[in-house]
Every structure is written in structure tokens, then in C-alpha cells.
Amino acid sequence: MNVICSHTKPLDLENGIIFGILLCIATCAATFCNVLVLTILIKMWKKSASNHILLSLAIADVLVGLILGPITVLQLFDVEISKDCTANFIRGYFLIFLVGSSLLTLALVSYDRYLLLTKLSNYNKYMTINKAIFLIVFSWVFPGLIPITKRIYMLYSILCIIMYTLPLIALVTFYLLITREVRKREKDLFYKKYNSSKKYCPAELNIHSDAEGIRHPNAESFRKHFIHLKLAKSITVLIACYFACIFPLNIWMFLELIKVEYSRHSSNIFYLCSLFLMQVNSCINPVIYFSKQKEFKKKFKNIFKRRTSATPPSD
């Protein structure tokens, strides 16, 4: 007979099947959306620091759907698995690992967007591919090592607190910086567009030529800045989704860390609701971010066009 581990709380709920069904739906949706994102990213791959970071974020969201969701669903559907020490250890390990890697990667995305917005002319100087790869590796290795230190409680607690607070501070900081920069750039673009409209009227910030065929560089800079402003705004939405969908799970993990006493039933409900929201966030991330990129949307439409054209007509 399996022994209930003293350091874990088994997911034995009367309405556990309902939570299991909801998690199944969210898990399947998160996995499908992010596998689709990975497919498109690979097809339109360009060797750049930003693409490496986006690939890391998509992989983190895929693993949340492929690993953390199914383990939790199995424990909800089978009480014996819920009481198994090994299953609880695996679930606890991937909970810390995947939540940490998702948060650190999201903070890295916000940092990258800030650099693209403020250092557009010399972005490659501040964010090289090697630097991006180093930060990505840190975003995966650091949270992956934390559960291993669980036997040394003081070290484990310090590392967990760093993992919970570091991305939060980074996200809030870059949110404020990006918001301030977006407002400043929007004013500058409006002023430049108004002053330049009398000369060559760049329609919707596209490059125009005058009667002599001379291309005006200002119009191209308008277009680039406009694109990066749209991407920067998407980061503010991603950060808002973090506070709505992932922050509750961070609170649950922090309460578990400091060993706040409350009923096991309430703890399980809180955990499952927070995990469901995290799966929802994994579905939302690709929609929010990649919907702002024309090339990505074009590839997305092409995939479904090919599938439609490949389907033989019914008699």
C-alpha cells in the first residue's frame, strides 16, 4: 500500500473529477497552441536573439501542458496515484521547474522588448545571440536545480524566494519603463508624422517616394518604430496576464514555503484553481504576442490553408 508523503498534500477531492476535466481541456489547448507556435517559429526561423528567447518561452509553455497538466490530471482521476510519494515528488519538481522557467523567460522577453524599443539602432550591441543563450540557459538551469536542494531547507527557501521575487521585480520594472517609453515614442511619432506629412505624406507609415523617385528615410524609421511600439504594448498585456494567471500560483507556493496552516481541502482547491489559470496563461501567451507580428499571422493562415486544400472534397 502506498504511503502518503509527509511533505506533500495528496489531491484527494470529492469533486476532483470536475477539476480533472477542466485541466484536461486547458492542458490540451495549451499544448496545441504552443506546438503550433513552435512549428511556425521553426518554419520562419531567423538567427536572432529575440527568436531564441521566444522559442524558449514557447517550449516552457509546451512543457507546462505536456508534463505538469497530465501528472495532475492522473492524480485527480486516481486516488492511489495521488497518494504515491514518487508521483508527488515528480509533480512538485516540475511545478517549481516549469513555473520558474516560465517566469524567468517571461522576464527575459520583457527585457528584450525594452531593448528593442530603446536601443533600436544598436540593439545587437546590447543583446547578442551568445548573451541571449546564456540568459536562456540560466532561466532553465536555475529553477531546475532548486527542487534538488529541498533537503537543505534554508538554502531551498532562499532560492525559492529569489525565484519568486526576481521575475516579479523585473516584470514590474520593465512594465513601467516600457509604458513610459511607449508614451514618449507615440508623442514623437505623432509629431514627426504631422511635420513630415506636408512634404511626402507617408500613408500609414509606409515608405514613399516623391516625384523624383527619392525614398525618404524618415518614413522607414516611422514604420520600424510603429512595429516595435505594437510589440512593446503586447508585453504590457503579457505582464497583466501574469498577474492574473500565474501570480496566484506563486502565492500558493509561497504559502507552502512558509508553512502557513490552513485546511488541506482549501490548499488543494487553491492549488488546482491556480494551476488551471497557469494553463490558461500558456494558451494566451502565443495569442497575445504573435498576433502582433504580420509574418507570424501569415504563416499561421498558410498552415490552415494547406490543410483545407489538402482535404479531399466530399461527394
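Above this text is the structure in question.
Just so you know, these numbers come straight off a predicted model, no measurement behind them. (Residues numbered from 1 in each chain as written. Predicted model: local features only at pLDDT ≥ 70, side-chain atom pairs only at ≥ 80, totals over all residues. Heavy atoms only, no water.)

### Quick word on the overall build of the protein
And then number 1: Of the regular secondary structure elements, the protein holds 11 helices and 0 strands.
And then number 2: In sequence order, the protein lays out its α and β elements as α-α-α-α-α-α-α-α-α-α-α.
And then number 3: In the protein, which comprises 315 residues, the share counted as buried stands at 45%.
And then number 4: Pairs at least 24 residues apart make up 77% of the contacts formed inside the protein by residues separated by at least 6 positions.
And then number 5: Within the structure as shown, the protein displays about 17100 Å² of accessible surface, and the carbon and sulfur contribution to it stands at 66%. (Helix = DSSP H or I, 4+ residues; strand = E, 2+ residues; numbered from the N terminus. Buried < 20%, exposed > 50% of the residue type's maximum accessible area, 1.4 Å probe, protein only. Contact = heavy atoms within 4.5 Å. Areas by Shrake-Rupley, 256 points an atom, 1.4 Å probe, with all protein chains shown as cover.)

### What about a nonpolar patch on the surface?
And then number 1: Residues I17, I18, I21, L22, I25 and F77 make up a contiguous nonpolar surface patch of roughly 590 Å² in combined accessible area.
And then number 2: Examining the composition of the nonpolar patch, we find that 5 residues originate from one element, helix 1 (residues 16–43), more than from any other.
And then number 3: Locating I21 in the fold gives a position in helix 1. (Patch = residues over 30% accessible without salt bridge, like charges linked within 9 Å, V, L, I, M, F, W, Y side chains within 5 Å. Salt bridge = Lys/Arg side-chain N within 4 Å of Asp/Glu carboxyl O.)

### Structural notes on the pattern of salt bridges
Where charged atoms from two side chains of opposite charge approach closely, those side chains can pair.
And then number 1: Applying the stated criterion across every chain yields a total of 1 salt bridge.
And then number 2: The residue D112 makes a salt bridge to R113 at a minimum N-O spacing of 3.6 Å.
And then number 3: Accessibility expressed as a relative area gives 5% for R113, which makes it buried.

### Observations regarding the packing of helix 2 (residues 49–77) against helix 4 (residues 85–118)
And then number 1: Relative orientation of the contacting elements helix 2 and helix 4 amounts to 155°, with a least axis distance of 9 Å. Put simply, helix 2 runs roughly antiparallel to helix 4. The handedness of the crossing between helix 2 and helix 4 is left-handed. (Axes fitted to C-alpha atoms, helices over the stretch in contact; angles between N-to-C directions. Parallel < 35°, antiparallel > 145°, perpendicular 65-115°, else oblique. Left-handed = near helix turned anticlockwise from the far one by under 90°.)

### What to know about the packing of aromatic side chains
And then number 1: If you walk through the whole model with that rule in mind, you get 9 aromatic pairs.
And then number 2: Ring geometry for F94 and F97: centres 6.4 Å apart, planes at 55°, overall tilted. Residue F94 and its partner F97 are located together in helix 4, separated by 3 residues, close to a single helical turn.
And then number 3: Residue F94 is classed as partly exposed on the basis of its relative accessible area of 21%.
And then number 4: Exposure remark for F97: the relative accessible area of 14% places this residue in the buried category.
And then number 5: Each ring, one from F138 and one from F142, has its centre 5.4 Å from the other, and the planes form 15°; the classification is stacked. Note that F138 and F142 are positioned in helix 6 (residues 129–145) at a spacing of 4 residues, about one turn of the helix.
And then number 6: Accessibility expressed as a relative area gives 16% for F142, which makes it buried.
And then number 7: In this arrangement the basic side chain of K259 is found over the ring face of Y153, its NZ or CZ atom lying 4.7 Å from the centre. (Phe/Tyr/Trp six-rings, centres within 6.5 Å; stacked < 30°, edge-to-face > 60°. Lys NZ or Arg CZ within 6 Å of the ring centre and 35° of its normal.)

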